[in-house]
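The residues making up each chain are set out below.
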Amino acid sequence: MKLFAVLLFSVVSCFAVNFEGFARMSAVKDSINYGEGVRNWGQGGFRIGGDNWNILLDADKVMSGEGAVIPRYYRNHLEAQLEGRFTFGGFTVNPEIQLDKDIDSAMVVLPLSLGEGYRNSALRPGLSLSYSLPGVFSVSSTGRYWKRDITALDSDVEDTEWTNLNYGADAVWHTPVGGYLAVGGVSHQTRLDGFDYDRSWSRVDISAGYEPVKFPSMTFLTAEAEYSLYTGEDYTGATLPDRFTARIRAVQNVARNVMFNVTFSQAADLYEDETRFGPFQSALKSQYKFSGWGNSPSSIMIGGQLTESAITTRLGELEGRISLVSGLSALITGKLWYGPSSVAGTGGYRTREIIGGGLEFRMNNGLNTFVIYEREASNLAPNDVWGKIRGGVGFYPAQF
Amino acid sequence: MTRFTKLVFLTVLGLALFMACDGPLANAMLTVDTSRCVGCGECEDVCPYNAIEVIDGDAVIDPGLCHQCNQCVEICPEGAIY
């Protein structure tokens, strides 16, 4: 730790660097787990960087209680991530390492009904390399290796390693006529030492898109199509189907400060003997920008979303930031969500109603603080009202 | 091909696809809308099958491990998984 502090101080002393620090927390009672369910989350870290490099250290601590209503394998864990990003011309090198330490014995279901186990810790090193010629061409490759220490139950094998190796690459060409073509692929291999489990799957994505086309009357249209070619099996041993996805996004500016954003997305799954619909999404967002009373920009967003796959979800939402006086803004949030439920007696579906408000204060020196309270209720019986409080402080950016 | 012709062609293609397909199977692969996902990790914590990881700020579902229990759909505060 001392060595790290000395190195950090040396870097700061020798070069002009930017520094961003942040700390956020939330305390939540989840409507699924009334009675005992609670999820507290804290995050802190910093990003330090210069003209062509930056290093991020991010530490999260999550404390989750098991629910009284339905069995959930919630975890209490500490997660730390160290990431660097270095650029040389159009090249970027992005090494990272993530350490995950479970505080209590959190349960996990082992693949192929091999029983259950306790998560203990995980280590995930990774490396990304990319080259970009802005607006013309970009290519990147990524590799990551997970190593999870698991204590297996109901088995002769007590301590096992759950490892996952994945690597992939993609290339994007922005054509001179305004569209793009992209090819990418990823391969995963999962192994469970001591058990006879070694499976892999891979996917190749071929996509093409027509980037925003401006129509008369301030309409922008984006169309994308993607074909994902899968090899491998799902947890039942069935072959993963290929998937074709089409997306259309339209943005309509009604006035300088009023905007509508409409999205449609439909997937089709191509099984060996039939073709079926995959997930469908349609969403609408409308945003109104105004000046408010202070010197910060103000906006209100109202939106809605419908998704359908094997299950249906509906979401209505409201987000607002209204500048009150210099640096001080009021925050408004609201959500009405309808979706699947694993709680007995709800008929398979439930609603969540969330409404909240808070304050945000931004100082000229880059200090930003916020606190927001949300009240949540649902159609569960017995019903209750749950609260969520979120707050944070950030310092962006300071130069030495 | 004019821009209008392209739009008509794509619309007809979409309608043909719409009429050719049945509904999704009960074990259809879930998808993540990366434009909505905020990388909070609630899905990662709640998944009993270790099938979700947050990578570069987005949830990524492993289709080889996912059991379609929909607990991630239920817990996602942004409605980003479906």
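J.: Looking at this structure, how should I read the overall build of chain A?
T.: For chain A, the helix and strand inventory stands at one helix and 20 strands. Burial analysis of chain A (400 residues in total) assigns 40% to the buried set. Taking as baseline every contact in chain A between residues at least 6 positions apart, the subset at least 24 positions apart corresponds to 46%. Per element, the accessible surface of chain A, about 20600 Å² overall, is 61% carbon and sulfur.

J.: Hey, could you run me through the side chain of Ser298(A) in this one?
T.: Its location among the elements puts Ser298(A) in strand E15 (residues 298-308). Separated by 2.8 Å, the side chain of Ser298(A) and the backbone nitrogen of Ser323(A) make a polar contact.

J.: So what exactly am I meant to see when it comes to the packing of aromatic side chains here?
T.: How two aromatic rings sit relative to each other is given by the distance of their centres and the angle of their planes. Residues and elements named next belong to chain A. Across all of its chains, the model carries five aromatic pairs over all chains by this definition. Centroid distance Tyr 288 to Phe 290: 5.2 Å. Interplanar angle 20°. Geometry classified as stacked. In this structure Phe 290 comes out as partly exposed when scored by relative accessible area, which is 24%. Ring plane angle 10° and centroid distance 5.2 Å describe the contact between Tyr 338 and Tyr 349, whose orientation is recorded as stacked. Taken together, the residues span a long stretch of sequence, with Tyr 338 in strand E17 (residues 328-340) and Tyr 349 in strand E18 (residues 349-362) at a distance of eleven residues. For Tyr 349, a relative accessible area of 24% puts it in the partly exposed group.

J.: Just checking my understanding: could you explain empty space enclosed by the protein for this structure?
T.: The probe, sized like a water molecule, is rolled over the atoms to show the empty space still left. Across all of its chains, the model carries seven cavities of 30 Å³ or more by this definition. Considering only enclosed or pocket space, the second largest cavity measures out at about 120 Å³ in volume. What lines the second largest cavity is a set of 14 residues, and nearest its centre among them are Trp146(A), Asn164(A), His188(A), Glu53(B) and Asp62(B). Elements supplying a minimum of two residues to the lining of the second largest cavity: strand E7 (137-152) and strand E8 (159-174) of chain A together with strand E1 (52-55) and strand E2 (58-61) of chain B. Of the residues forming the lining of the second largest cavity, the biggest block, three residues, is contributed by E1(B). Here the residues of the lining of the second largest cavity sort into eight nonpolar, three polar and three charged.

J.: I would appreciate a short explanation of the interface of chain B and chain A in the present structure.
T.: Many analyses report the size of an interface as the accessible area lost when the parts associate. Every contact between the two is made by 50 residues of chain B and, on the other side, 65 residues of chain A. Together, the buried faces of chain B and chain A total about 5000 Å²; carbon and sulfur atoms form 52% of this surface. Inspection of the chain B/chain A interface yields five salt bridges. Here Glu74(B) ties to Arg350(A) by a salt bridge, and the two come within 3.4 Å at their closest N and O atoms. Scanning the region where chain B abuts chain A turns up 14 residue pairs in polar contact (both at pLDDT 80 or more). Of all elements in the fold, only helix H1 (3-20), helix H2 (42-46), E1 and helix H3 (71-75) of chain B reach the threshold of two or more residues within the side of chain B that touches chain A. In terms of residues, the side of chain B that touches chain A owes the most to one element, H1(B), which gives six residues. The class makeup of the residues in the side of chain B that touches chain A is 26 nonpolar, eleven polar and 13 charged.

J.: What am I meant to see in the pairing of strand E6 (residues 116-133) of chain A here?
T.: In regular strands, side chains alternate between the two faces of the sheet. Residues and elements named next belong to chain A. Pairing geometry for strand E5 (residues 91-109) and E6, over 15 bridges, is antiparallel. Directly across from Gln 98, in E6, lies its bridge partner Arg 124. Connecting E5 to the antiparallel partner E6 that follows it, the hairpin turn spans six residues, and Leu 112 within it adopts a positive phi of roughly 55°. Where E6 and E7 come together, 14 bridges link them in antiparallel fashion. Residue pairing across strands places Leu 133 opposite Phe 137, the latter belonging to E7.

J.: Just to check I follow, could you spell out the nonpolar core for this structure?
T.: Membership of the largest hydrophobic core comes to 27 residues, with the highest contact counts inside it found for Leu110(A), Trp162(A), Leu30(B), Ile52(B), Ile61(B), Cys72(B) and Ile81(B). Taken together, the elements giving at least two residues each to this core come down to E5 and E7 of chain A together with E2 and H3 of chain B. Aside from chain neighbours lying at most four places away, what touches Leu30(B) is Arg243(A), Ile61(B), Cys66(B), Asn70(B), Cys72(B), Val73(B), Ile81(B) and Tyr82(B). Val186(A), Tyr230(A), Leu240(A) and Met29(B) belong to the second-largest nonpolar core, a separate cluster that totals five residues.

J.: What's the story with the side chain of Gln281(A) in this structure? I'm lost.
T.: Note that Gln281(A) resides in strand E14 (residues 275-290). Gln281(A) gets classed as buried once you look at its relative accessible area, which sits at 4%. A polar side-chain atom of Gln281(A) sits 2.7 Å from a polar atom in the side chain of Gln305(A). Engagement of the side chain of Gln281(A) in a polar contact is seen with the side chain of Asp33(B), the distance being 2.7 Å.

About the criteria used
- Residues numbered from 1 in each chain as written.
- Chains lettered and ligands numbered in written order.
- Predicted model: local features only at pLDDT ≥ 70, side-chain atom pairs only at ≥ 80, totals over all residues.
- Heavy atoms only, no water.
- Helix = DSSP H or I, 4+ residues; strand = E, 2+ residues; numbered from the N terminus.
- Buried < 20%, exposed > 50% of the residue type's maximum accessible area, 1.4 Å probe, protein only.
- Contact = heavy atoms within 4.5 Å.
- Areas by Shrake-Rupley, 256 points an atom, 1.4 Å probe, with all protein chains shown as cover.
- Polar contact = N/O pair within 3.5 Å; in protein donor to acceptor, adjacent residues only side chain to side chain.
- Phe/Tyr/Trp six-rings, centres within 6.5 Å; stacked < 30°, edge-to-face > 60°.
- 1 Å grid on protein atoms, 1.4 Å probe; cavity = no way out; pocket = protein on both sides within 12 Å on 5 of 7 lines; lining within 4 Å.
- Points joined across faces, edges and corners; volume = space filled by probe spheres on them.
- Nonpolar A, V, L, I, M, F, W, Y, C, P; charged D, E, K, R; others polar.
- Buried area = accessible area lost by both parts, 1.4 Å probe.
- Salt bridge = Lys/Arg side-chain N within 4 Å of Asp/Glu carboxyl O.
- Pairing = 2+ DSSP bridges.
- Core = buried A, V, L, I, M, F, W, Y, C linked by side-chain atoms within 4.5 Å.

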